[in-house]
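If you want the building blocks of each chain, they are given just below.
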Amino acid sequence: MTAKRRRSAAVAVVTIVTAAALSGCSGGNPDYRGVCVDPQTQRRVNDDKCDDGKGGGGHGGTWVFYRSGSTVPAVGAHASGYSTSVPKGSTV
């Protein structure tokens, strides 16, 4: 490969990586984080206790959502300050 082709390939790779990072396609930080909460006790439970993410309790839990950057309770801790839905267009 000639030096000119290597340079062109390097520029193409840098351009693609930069575009992906700026567009959010790189798997960046989501707007919200979903966790599973027991609706009766208001305590966080293991996420496998919830259904497939479509709402409603699957096996003892329901999905709730915390804004990115907020404190998420540990499993077994009391859950508060969450939302039961996310705004349209938000990422989870």
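These figures come from a predicted structure and were not determined experimentally. (Residues numbered from 1 in each chain as written. Predicted model: local features only at pLDDT ≥ 70, side-chain atom pairs only at ≥ 80, totals over all residues. Heavy atoms only, no water.)

1. Comments concerning the overall build of the protein chain
Operational definition: We count a stretch as a helix when DSSP gives it H or I for four or more residues in a row; a strand needs E for two or more, and each element gets its number in order from the N terminus. The contact rule is simple, with two residues in contact once any of their heavy atoms fall within 4.5 Å. Residue exposure ignores everything except the shown protein chains as possible cover, and the areas themselves are Shrake-Rupley values with a 1.4 Å probe.
The number of helices and strands found in the protein chain is 1 helix and 3 strands. Counting contacts in the protein chain only where the partners sit at least 6 residues apart, residues at least 24 apart contribute 53% of the total. Here the protein chain has roughly 6600 Å² of accessible surface; of this, 55% comes from carbon and sulfur atoms.

2. So, the nonpolar core
Note the threshold: Only buried residues count toward a nonpolar core. Its members are Ala, Val, Leu, Ile, Met, Phe, Trp, Tyr and Cys residues joined through side-chain atoms within 4.5 Å. Buried, partly exposed and exposed residues are distinguished by accessible area as a fraction of the type maximum, computed with a 1.4 Å probe on protein chains only: under 20%, between the cut-offs, and over 50%, respectively.
Tyr32, Cys36, Val45, Cys50, Trp63 and Phe65 form the largest nonpolar core, which has 6 residues in total. Every element with two or more residues in this core is listed here: strand E1 (32–38) and strand E3 (62–67). Apart from the residues lying within four places of it in its own chain, the contact partners of Phe65 are Tyr32, Arg33, Gly34, Tyr82, Ser83, Thr84, Ser85, Val86 and Val92.

3. Some remarks on unusual backbone geometry
In this structure, Gln42 is a non-glycine residue whose phi angle is positive, near 60 degrees. With respect to the element layout, Gln42 can be found in the loop between E1 and strand E2 (43–44).

4. Here's the deal with the environment of Ser80
Mapped onto the secondary structure, Ser80 falls in the segment after E3. Classification of Ser80 by relative accessible area gives partly exposed; the value is 46%. Distance in space between the C-alpha atoms of Ser80 and Arg43 is 8.7 Å, their sequence separation being 37 residues.

5. Description of the pairing of E3
Convention followed: Any two strands with at least two DSSP-identified bridges between them are counted as paired.
When you tally the buried positions in E3, you get 5 out of 6 residues, the bulk of the element. Summarising the sheet, E1 and E3 pair through 6 bridges and their orientation is antiparallel. The partner of Arg33 across the bridge, within E3, is Tyr66.

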